[in-house]
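Each chain, letter by letter, is given below.
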Amino acid sequence: MSLTLLADLHTHSVASGHAFSTVTEIAEAASAAGLELVAITDHGPAAPGGAHAWYFWNVRSVPVHIESVVVLMGCEANVSASSEGLDLPAEVLAGLDLVAVGFHPLTGFDDGDRAANTAALLRAMRNPLVDVVTHPGSADFPLEVETIAAAAAEFGVVLELNDHSFDPHSSRARSIDREVAFAQAARDAGGLISIGSDAHYHTGVGSFSHALEAVESLGFPPDRILNRDAASVLAHLRGRRPRPRLEALDEIG
Ligand SMILES: [Zn+2]
Ligand SMILES: [Zn+2]
């Protein structure tokens, strides 16, 4: 199997507070890399420097097409002890094209309590507005792998394999085995995965090679890799709930 992935569902713009490219630069880089679709998933407000809820309110200001790519405006929310399980309110999340959620440092989960982390993530995953869990294998935030993979398959939530974790300079470099274990568990549970670049600078958009190699070695079914192309992504997202910003895209999805 030699798979080409045409959508990147995990990138950060300057609005994340520790990333360095604009939405336009990210879209141009995605276009140059031959992608059909890119999602901007800036950090939610609980992450130090993360974007304010007002930023996410206003995503309709961004064109759906830039260069030759479809640009989704989403978020990478933080798992939260709030009743909704995320650090953005439901009325904001409902206006986004893609809702990803993950654990990040300094957001209330640094004590590494596996049971508490699992319970908090399950609460977030039960929120029907959640589409993707980012880097679930992060070593700093241990989780019960089988429990999360089963819930993800049940709820139709996508588990990400994060290509950036394979970078030896990444803060998650020691998480690789666990990240792959989640992909394996998703395979066995019948769930979906996506492979995200997690680019914090636009030259990293569409970087999938390390994660893709791992997925191929697992024999992961290609039709359950969500980000294989724009049509797959859009059909899946719209099948879960309306995406108000994407209403003009009927010819694609
Ligand atoms: Zn993240
Ligand atoms: Zn990220």
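Below or above, wherever it landed, is the structure these notes cover. (Residues numbered from 1 in each chain as written. Chains lettered and ligands numbered in written order. Predicted model: local features only at pLDDT ≥ 70, side-chain atom pairs only at ≥ 80, totals over all residues. Heavy atoms only, no water.)

Our focus in this paragraph is the coordination of the zinc ion (ligand 2). Bound to the zinc ion (ligand 2) are the protein donor atoms H10 (NE2), H12 (NE2), E76 (OE) and D198 (OD), situated 2.0 to 2.3 Å from the metal. A distance of 3.2 Å spans the gap from the zinc ion (ligand 2) to the zinc ion (ligand 1), which E76 bridges by coordinating each metal. Taken together, the positions of E76 in strand β4 (residues 69–78) and D198 in the loop between β8 (193–196) and α7 (209–217) put the pair 122 residues apart, joining distant regions of the chain. Classification of D198 as buried rests on a relative accessible area of 4%. (Donors = N, O, S within 2.8 Å, 3.2 Å for Na, K, Ca; no water. Helix = DSSP H or I, 4+ residues; strand = E, 2+ residues; numbered from the N terminus. Buried < 20%, exposed > 50% of the residue type's maximum accessible area, 1.4 Å probe, protein only.)

Here the zinc ion (ligand 1) is held by the protein donor atoms E76 (OE), H104 (NE2) and H135 (NE2), which lie 2.1 to 2.2 Å from it. Read in sequence order, the donor residues coordinating the zinc ion (ligand 1) give the pattern E-x27-H-x30-H. The exposure class of E76 is buried, given its relative accessible area of 0%.

So, about the nonpolar core. Counting residues in hydrophobic clusters, the biggest one holds 66 residues, and the most contacted among them are V71 and L121. Setting aside anything within four residues of it in sequence, one finds L121 in contact with V79, V101, F103, V133, L143 and I148. (Core = buried A, V, L, I, M, F, W, Y, C linked by side-chain atoms within 4.5 Å. Contact = heavy atoms within 4.5 Å.)

A word on helix α8 (residues 230–240). Residues of α8 that are buried include every one of A230, S232, V233, L234, H236 and L237, and no others. Where α8 is buried, its residues meet β1 (7–11), β2 (37–43), β4, β5 (98–102) and β7 (158–162).

Attention now goes to the packing of helix α5 (residues 145–155) against helix α6 (residues 176–189). Geometrically, a packed helix pair is captured by the angle between its two axes and the distance between the axes. One way to put it is that α5 packs onto α6 with a least axis distance of 9 Å and a crossing angle of 50°. Comparing the axis directions of α5 and α6 gives the class oblique. When you trace α5 past α6, the crossing you get is right-handed. Here α5 contributes V145, E146, I148, A149, A150 and A153 to the contact with α6, which in turn contributes A181, F182, A185, A186 and A189. Split by residue class, the contact of α5 with α6 holds ten nonpolar, no polar and one charged. (Axes fitted to C-alpha atoms, helices over the stretch in contact; angles between N-to-C directions. Parallel < 35°, antiparallel > 145°, perpendicular 65-115°, else oblique. Left-handed = near helix turned anticlockwise from the far one by under 90°. Nonpolar A, V, L, I, M, F, W, Y, C, P; charged D, E, K, R; others polar.)

Keep in mind these values describe shape, not function.
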